[in-house]
Amino acid sequence: MSKQTDSTAEVLLEKRGGAGIITLNRPKVLNALTFSMIQQIYPQIKTWEQDPETFLIIIKGTGGKAFCAGGDIRAIADAGKVGDRLAHDFFREEYILNNAIGTCKKPYVALIDGITMGGGVGLSVHGHFRVATEKTLFAMPETAIGLFPDVGGGYFLPRLSGKIGYYLALTGFRLKGRDVLKAGIATHFVESEKLPALEKDLIALKSPSTENIADLLNSYHVKSKVDQEKEFVLDEHMEKINSLFSANSMEEIVKKLKQDGSPFALKQLETINKMSPTSLKMTLRQLREGASMSLQDVFTMEYRLSQACMRGHDFYEGVRAVLAAGRCEPYPGHTNPLQSAVLIDKDQSPRWKPAALEEVSDEFLDDCFKPLGNNDLKL
């Protein structure tokens with residue numbers, strides 16, 4: 001056994017058989033990722049990567065509801081307001097960890113059972129294997145809190161089929177279960193109740209190659225029949241998504257949605273109108289630029305954007321509004337027992353500044369994407 005196996009720890013790190021196992025262990029807050037968890041996971045991945053007796057890395061969450069619902073946005077917002085270092089350090093260390101997962105020399109298996117959003121996506125999507133279940137709920141909901149779909153969203157989202165990634169990034173649309181596989185975010189689908197057996201079999205593999213691990217995952221995947229016949233939730237809308245979200249600017253996307261006028265288009269318009277105009281413009285440019293960048297260059301770009309958000313207004317306003325509603329870290333709709341709505345200004349509808357897309361200038365955006373000199377992210 002290596003490192004932490006104390007059941008009260010935020011993250012459990014252990015070696016079983018040929019596998020290094022990372023367990024996110026904050027079930028009461030849907031395994032939301034803290035700075036100290038990042039600081040523990042990164043060196044352990046690096047150690048296992050060098051260890052000849054570790055053949056694969058497995059990451060999972062406890063509690064049955066979530067893999068990881070995202071980063072600890074309250075702590076980041078509190079730090080940013082008072083100019084605390086955490087507002088720099090959290091993003092820097094998180095992206096360094098995401099990059100370590102994306103470049104990991106050992107097969108990395110993420111069991112994304114339950115809610116997987118924001119920072120939880122960063123802990124899984126860049127790894128070799130992502131196993132979804134019927135309980136998986138995926139989203140990148142950042143535009144609703146004055147942020148942008150970071151943790152490498154600028155890399156993986158524009159590489160999804162058609163314009164699905166742009167649609168998910170701008171609207172925060174949630175994918176459930178097998179749809180996470182069909183969208184290209186997960187690599188395998190296995191019933192939730194089969195995960196303990198799968199994990200046991202992965203641990204029991206003797207000096208496995210990546211192919212051996214893939215074969216084992218495939219054997220579970222082909223036996224999983226849940227929702228097998230179901231059509232992909234976005235199938236009927238793909239033509240519209242591909243045409244409406246292919247525009248070069250947010251203003252143009254909005255115009256196309258209005259002109260289309262279908263119930264689907266109007267629903268997207270309603271959603272987009274609730275989002276931070278700054279976040280929307282930042283996100284569209286992030287994905288358009290990230291489409292042709294390396295993963296490392298995307299993280300460098302996203303770190304610059306994260307610091308622009310820390311300097312700005314909308315992130316703090318978005319977090320205030322979400323937490324005022326008594327909703328969990330970046331997972332609107334789940335009550336977080338640790339957040340008391342009484343402590344915060346009760347008004348739940350965010351007041352974005354600027355309030356309209358037209359008011360977010362290209363000059364302002366250029367400034368958000370500017371290099372940070374010595375403070376740039378170094379990978």
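This text goes with the structure placed above it.
Just so it is clear, the model here is predicted, and its values are computed rather than measured. (Residues numbered from 1 in each chain as written. Predicted model: local features only at pLDDT ≥ 70, side-chain atom pairs only at ≥ 80, totals over all residues. Heavy atoms only, no water.)

S.K.: Would you mind showing me how to read the overall build of the protein chain here?
M.R.: Within the protein chain, the regular secondary structure consists of 16 helices and twelve strands. A globule of 379 residues ought to have a C-alpha radius of gyration of about 21 Å, and the protein chain, at 20 Å, matches this closely. Projected onto its principal axes, the C-alpha coordinates of the protein chain cover approximately 60 × 50 × 40 Å. The burial tally for the protein chain puts 58% of its 379 residues in the buried class. Counting contacts in the protein chain only where the partners sit at least 6 residues apart, residues at least 24 apart contribute 73% of the total. For the protein chain, the exposed surface amounts to about 15,500 Å²; the carbon and sulfur share of it is 51%. Taking the average location of the 46 positive side-chain charges in the protein chain and that of its 48 negative ones, the two points are 2 Å from each other. (Helix = DSSP H or I, 4+ residues; strand = E, 2+ residues; numbered from the N terminus. Rg over C-alpha atoms; globule rule 2.2 N^0.38 Å. Buried < 20%, exposed > 50% of the residue type's maximum accessible area, 1.4 Å probe, protein only. Contact = heavy atoms within 4.5 Å. Areas by Shrake-Rupley, 256 points an atom, 1.4 Å probe, with all protein chains shown as cover. Lys, Arg positive; Asp, Glu negative; His and termini not counted. Charge placed at Lys NZ, Arg CZ, Asp CG, Glu CD.)

S.K.: What is the right way to look at the pairing of strand 5 (residues 108-112) in this model?
M.R.: Within a regular strand, side chains alternate between the sheet's two faces. Within strand 5, five of the five residues are buried, leaving the element largely enclosed by the surrounding structure. The alternating pattern of strand 5 places Tyr108, Ala110 and Ile112 on one face and Val109 and Leu111 on the opposite face, and all of these are buried. In terms of strand pairing, strand 3 (residues 56-61) meets strand 5 through three bridges, oriented parallel. Each residue of the ladder has a partner; that of Ile59, found in strand 5, is Ala110. Two elements, strand 5 and strand 7 (residues 129-132), share four bridges in a ladder whose sense is parallel. (Pairing = 2+ DSSP bridges.)

S.K.: Please explain a positive patch on the surface as it appears in this structure.
M.R.: On the surface, a cluster of positive charge is made up of Arg174, Lys176, Lys182 and Lys230. Mapping Lys176 onto the fold places it in strand 9 (residues 175-176). The exposure class of Lys176 is exposed, given its relative accessible area of 56%. (Patch = residues over 30% accessible without salt bridge, like charges linked within 9 Å, V, L, I, M, F, W, Y side chains within 5 Å. Salt bridge = Lys/Arg side-chain N within 4 Å of Asp/Glu carboxyl O.)

S.K.: Which parts of the structure should I look at to understand the sheet that holds strand 6 (residues 115-117)?
M.R.: Adjacent strands of a sheet pair through backbone hydrogen bonds, lying either parallel or antiparallel. The four strands lie next to each other as 4-6-8-9, forming an open sheet whose pairing is mixed. Either end of the sheet is taken by a strand with one partner, and the two such strands are strand 4 (66-68) and strand 9. With two bridges connecting them, strand 4 and strand 6 associate as parallel partners. If you follow Ala66 over to strand 6, its bridge partner there is Ile115.

S.K.: Please explain the nonpolar core as it appears in this structure.
M.R.: Most often, soluble globular proteins keep nonpolar side chains buried together rather than apart. Judged by nonpolar contacts, the single largest core of 96 residues is most densely connected at Ile22, Leu24 and Phe315. No other element matches the nine residues that helix 14 (residues 295-311) contributes to this core. Sequence-distant contacts of Phe315, defined by excluding residues within four places in its chain, comprise Ile73, Ile76, Ala77, Ile145, Gly146, Leu147, Cys309 and Met310. Counting 18 residues, the second largest nonpolar core, distinct from the first, contains Leu56, Ile58, Ile203 and Ala214. (Core = buried A, V, L, I, M, F, W, Y, C linked by side-chain atoms within 4.5 Å.)

S.K.: Would you explain the pairing of strand 3 in this entry?
M.R.: Of all six residues in strand 3, five are buried, a share of seventy percent or more. As paired elements, strand 2 (residues 19-24) and strand 3 share six bridges and run parallel to each other. Its bridge partner being in strand 3, Thr23 is matched across the sheet by Lys60. Between strand 2 and its parallel partner strand 3, the chain crosses via helix 1 (residues 35-50), and the hand of that crossover is right-handed. (Right-handed = clockwise from strand over helix to strand, strands pointing away.)

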